[in-house]
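Architecture at a glance
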Amino acid sequence: MNRSKIEWCDHTWNPVTGCRNGCSYCYARAMVKRFSGDTRLNKMDKDSYSLGKAADGGEDLYILGEHMLDGAGKVIVYPFGFEPTFHKYRLDYPERLKMGNNIFVGAMSDIFGEWIPDTWLDEIMEACRKTPIHNYLFLTKHPQRYMQYNVPGGENMWYGTTITKEEETSRVMHLPEGHKRFASIEPLAGDIMPENHSWMFVCLDWIIIGAETGRRKDKTVPEWEWIRKIVDEAGKNGVPVFMKDSLVPVAGEENMCREFPVQLKNPGVSPKMYEKLYGICCMCKAHMKKSSMVTLLARVKRGEQPKQYGFMCEECFTGFCNRSGLESSTILNMQKNNNGINKEV
């Protein structure tokens, strides 16, 4: 699990790496070369991995139960290069995050590629089910597999497809109905002609737009008009749009849209973390962050450590002070300055 540099998610989680789509603009393939080591030697270490059958009958896939190490004991992140590999030891990664996050599943692969076995998907979906505080975002160029596999529903499960040009807009039709659906229009390599595909925007809950990055010789720089038409059509249908920073040189900062769906703005927290961060006002019984309430402390003897026995929201605390003839404004100002307040009563 890595803290993501991708603007539209908090973390990337890669239980599977490698892909067989063969996209010319793929950033992941170029990145993998730097962290693969000697793939020929890695494949000779047959005790460290097993092989599995590809769902489409292609070449066998690689399965790792543990990290593979080099001769110096260092982890080899992509021991088989860009060959599809199931890193089973990463399945518990979402459980390690106590706060809810927006997690992009498979940033270094195509999780729903036609070669991925259903058994791999079963284990990944089970890992998602175990930690429902997170929002999980999947992205594929094979959206028909969502329905073939019968993906699980839920407000925190988001299924997307990649579109780079007008001919690929039909992929949206394969996104699963009754689920959260989004499109990543990245890299935008041509006019997708949204005026001719207004149906597409009715189907979507979110749209991400980005330009190709890197130094590839034949990369396309999108035109502002292509971007503007997508944003306008999305606006007519109430679909939030997130424009990646790669579009700033084309659109200008003043035209950038960085919108998130409501669900992705408010990920959850684990029960244990909720208990740690939130409390109940002892007067009005409202559930609030402890940092925004007054902490009530008491001690029996001077000099001994005070003990916490409750919390009170700002409104109730002000009312309590007014009824008791006490001054509350100084204490509340301290709270705002220090992001929290301890009050002995």
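Residues numbered from 1 in each chain as written. Predicted model: local features only at pLDDT ≥ 70, side-chain atom pairs only at ≥ 80, totals over all residues. Heavy atoms only, no water.

This part takes up the pairing of strand β11 (residues 157-162). β11 sits mainly inside the fold: six of its six residues count as buried. Both faces of β11 are covered, namely the face carrying Met157, Tyr159 and Thr161 and the face carrying Trp158, Gly160 and Thr162. Examined bridge by bridge, strand β10 (residues 135-140) and β11 share five bridges and lie parallel to one another. Bridged to Phe138 within β11 is Tyr159. Since β10 and β11 lie parallel, the crossover through helix α4 (residues 144-149) that links them has a hand, and here it is right-handed. Relative to strand β12 (residues 180-185), β11 runs parallel, the two being bridged by five bridges. Opposite Trp158, over in β12, you have Lys180 as the bridge partner. (Buried < 20%, exposed > 50% of the residue type's maximum accessible area, 1.4 Å probe, protein only. Helix = DSSP H or I, 4+ residues; strand = E, 2+ residues; numbered from the N terminus. Pairing = 2+ DSSP bridges. Right-handed = clockwise from strand over helix to strand, strands pointing away.)

Taken together, the side chains of Tyr27, Met31 and Phe35 make up a nonpolar region of the molecular surface, amounting to roughly 280 Å² of accessible area. Relative accessible area serves as the criterion here: at 44%, Tyr27 is assigned to the partly exposed category. (Patch = residues over 30% accessible without salt bridge, like charges linked within 9 Å, V, L, I, M, F, W, Y side chains within 5 Å. Areas by Shrake-Rupley, 256 points an atom, 1.4 Å probe, with all protein chains shown as cover. Salt bridge = Lys/Arg side-chain N within 4 Å of Asp/Glu carboxyl O.)

This next bit is on the nonpolar core. Generally speaking, a soluble globular protein has its nonpolar side chains buried in company with each other. Counting 66 residues, the largest nonpolar core has Trp13, Phe112, Ile124, Phe138, Ile207, Ile209 and Met243 as its most contacted members. If one sorts the elements of this core by residue count, helix α3 (residues 118-130) sits on top with six residues. Counting 13 residues, the second largest nonpolar core, distinct from the first, contains Cys9, Phe182, Ile208 and Leu264. (Core = buried A, V, L, I, M, F, W, Y, C linked by side-chain atoms within 4.5 Å.)

In this fold, Lys141 is placed in the loop between β10 and α4. The buried charged residue Lys141 lacks any salt bridge partner; its closest oppositely charged side chain belongs to Asp110, at an N-O distance of 5.6 Å. Non-local contacts of Lys141, meaning those with residues more than four positions away in its chain, are made with Asn21, Cys23, Tyr25, Asp110, Thr161, Thr162 and Arg171. (Lys, Arg positive; Asp, Glu negative; His and termini not counted. Contact = heavy atoms within 4.5 Å.)

Moving on, we come to the sheet that holds strand β8 (residues 85-87). Reading across the sheet, the four strands line up as β3-β8-β5-β4 and stay open at both edges, with mixed pairing between neighbours. In the strand order of this sheet, the two ends are held by β3 (16-17) and β4 (50-52), each with one partner. Pairing of β3 with β8, which is carried by two bridges, proceeds in the antiparallel orientation. Residue pairing across strands places Val16 opposite Phe86, the latter belonging to β8. Where α3 meets the sheet, its contacts fall on β3, β5 (61-64) and β8, and the angle it forms with β8 comes to roughly 30°. (Axes fitted to C-alpha atoms, helices over the stretch in contact; angles between N-to-C directions.)

With an omega of -5°, the peptide bond running from Glu186 to Pro187 counts as cis. Positive phi, close to 70°, is recorded for Lys285, a residue that is not glycine. Within the secondary structure, Lys285 is located in the loop between β15 (278-280) and β16 (287-289).

Our focus in this paragraph is α3. Owing to its 3.6 residues per turn, the α-helix aligns residues three or four sequence positions apart on the same side. End to end, α3 covers 18 Å across 13 residues, agreeing with the expected 18 Å (1.5 Å per residue, within 8%). Restricting attention to buried positions, one finds in α3 the residues Trp120, Leu121, Ile124, Met125, Ala127 and Cys128. Take α3 and look down its axis: the buried residues cluster within an arc of 155°, on one side only. Opposite the buried face of α3, at more than 90 degrees from it, the exposed residues are Arg129 and Lys130. (Expected span 1.5 Å × (residues − 1). Arc of directions from axis to C-beta.)

It is worth spelling out the pairing of β10 at this point. Judged by how many residues are buried, β10 sits mostly within the fold: six of six residues are covered. The alternating pattern of β10 places Asn135, Leu137 and Leu139 and Tyr136, Phe138 and Thr140 on opposite faces, both of which are buried. For strand β9 (residues 102-105) and β10, the ladder comprises four bridges, and the chain directions are parallel. When the bridges of β10 are listed, Ile103 appears paired with Tyr136. Note on the crossover from β9 through α3 to β10: the handedness is right-handed.

Here we take up the confidence of the model for the chain. Counting all residues, the mean pLDDT for the chain is 89, and 92% of those residues have values of 70 or more. Note on residues 338-345: pLDDT is under 50 here. Beyond four places in sequence and across chains, it has 24 contacts. (pLDDT = per-residue confidence, 0-100.)

It is worth spelling out the state of the cysteines at this point. By the definition in use, this model includes zero disulfides. Here Cys19 is not disulfide-linked; the sulfur of Cys23 is the nearest cysteine sulfur, at 6.3 Å. For Cys19, a relative accessible area of 13% translates into the label buried. (Disulfide = S-S within 2.5 Å.)

This paragraph deals with the pattern of salt bridges. A full pass over the atoms with the stated rule returns 17 salt bridges. Between Glu253 and Arg258 there is a salt bridge, with the nearest N and O atoms lying 2.8 Å from each other. Arg258 sits in the partly exposed class, given a relative accessible area of 35%. Each of Asp191, Glu195 and Lys229 takes part in one network of salt bridges that share partners.

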